[in-house]
Amino acid sequence: MDVLIHVFVALHIIGIAALLGGFLSQMKAMGAGTARFTPGMLHGALTMLITGIALVGLNQADDQAVNNLKIGIKLAVLVVILGLVYVKRDEEKIDKGLFGAVGGLTMANIFIATLWV
């Protein structure tokens, strides 16, 4: 079971890397007002959602403690990110504030995951 959990953790990290990497690659375009949500950002957020749900289930099946409040907050933040990226995915230009909000929420999710023990 530990190997399976570690595989899903790795996939979860790949998802966050795709989401954050897509954001960071558009930083220069954001300054010019031409930033857009890339398909990789949407796929990264979906990967995070699927692997996160799987990780909660696997950890509970393995009788490990799961902090439901932390998971609930992370899920809520991710749903907001996913909603914004999904709805605005086909637009040629995204407002700087909206694009920055997705980046900020992504960073917040990372800090919640790593600093909340």
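Provided above is the structure to which this section pertains.
Residues numbered from 1 in each chain as written. Predicted model: local features only at pLDDT ≥ 70, side-chain atom pairs only at ≥ 80, totals over all residues. Heavy atoms only, no water.

A. Summary view of the nonpolar core. Judged by nonpolar contacts, the single largest core of 20 residues is most densely connected at Phe37, Met41, Val85 and Phe99. Broken down by secondary-structure element, the contributors of at least two residues to this core are helix 1 (2-25), helix 3 (39-61), helix 4 (68-87) and helix 5 (96-115). For this core, the element with the most residues is helix 4, which contributes 5 residues. Apart from residues lying up to four places away in sequence, methionine 41 is in contact with Ala18, Leu19, Gly22, Phe23, Arg36, Val85, Phe99 and Val102. (Core = buried A, V, L, I, M, F, W, Y, C linked by side-chain atoms within 4.5 Å. Buried < 20%, exposed > 50% of the residue type's maximum accessible area, 1.4 Å probe, protein only. Helix = DSSP H or I, 4+ residues; strand = E, 2+ residues; numbered from the N terminus. Contact = heavy atoms within 4.5 Å.)

B. Structural context of unusual backbone geometry. Here aspartate 63, not a glycine, exhibits a phi torsion of approximately 60 degrees, which is positive. Within the secondary structure, aspartate 63 sits in the loop between helix 3 and helix 4.

C. Up close: the packing of aromatic side chains. Taken as a whole, this structure holds 2 aromatic pairs when the rule is applied. Summarising the aromatic geometry, the rings of phenylalanine 23 and phenylalanine 99 are spaced 5.2 Å apart at their centres and angled 25 degrees between planes, so their arrangement reads as stacked. Here the residue phenylalanine 23 occupies a position in helix 1, and phenylalanine 99 occupies one in helix 5, the gap between them amounting to 76 residues. We note that phenylalanine 23, like phenylalanine 99, is buried. Ring centres of phenylalanine 37 and phenylalanine 99 lie 5.3 Å apart, and the angle between their planes is 25 degrees; on these two criteria the pair is classed as stacked. Within this pair, whereas phenylalanine 37 is found in the loop between helix 2 (27-32) and helix 3, its partner phenylalanine 99 is found in helix 5, the two being separated by 62 residues in sequence. (Phe/Tyr/Trp six-rings, centres within 6.5 Å; stacked < 30°, edge-to-face > 60°.)

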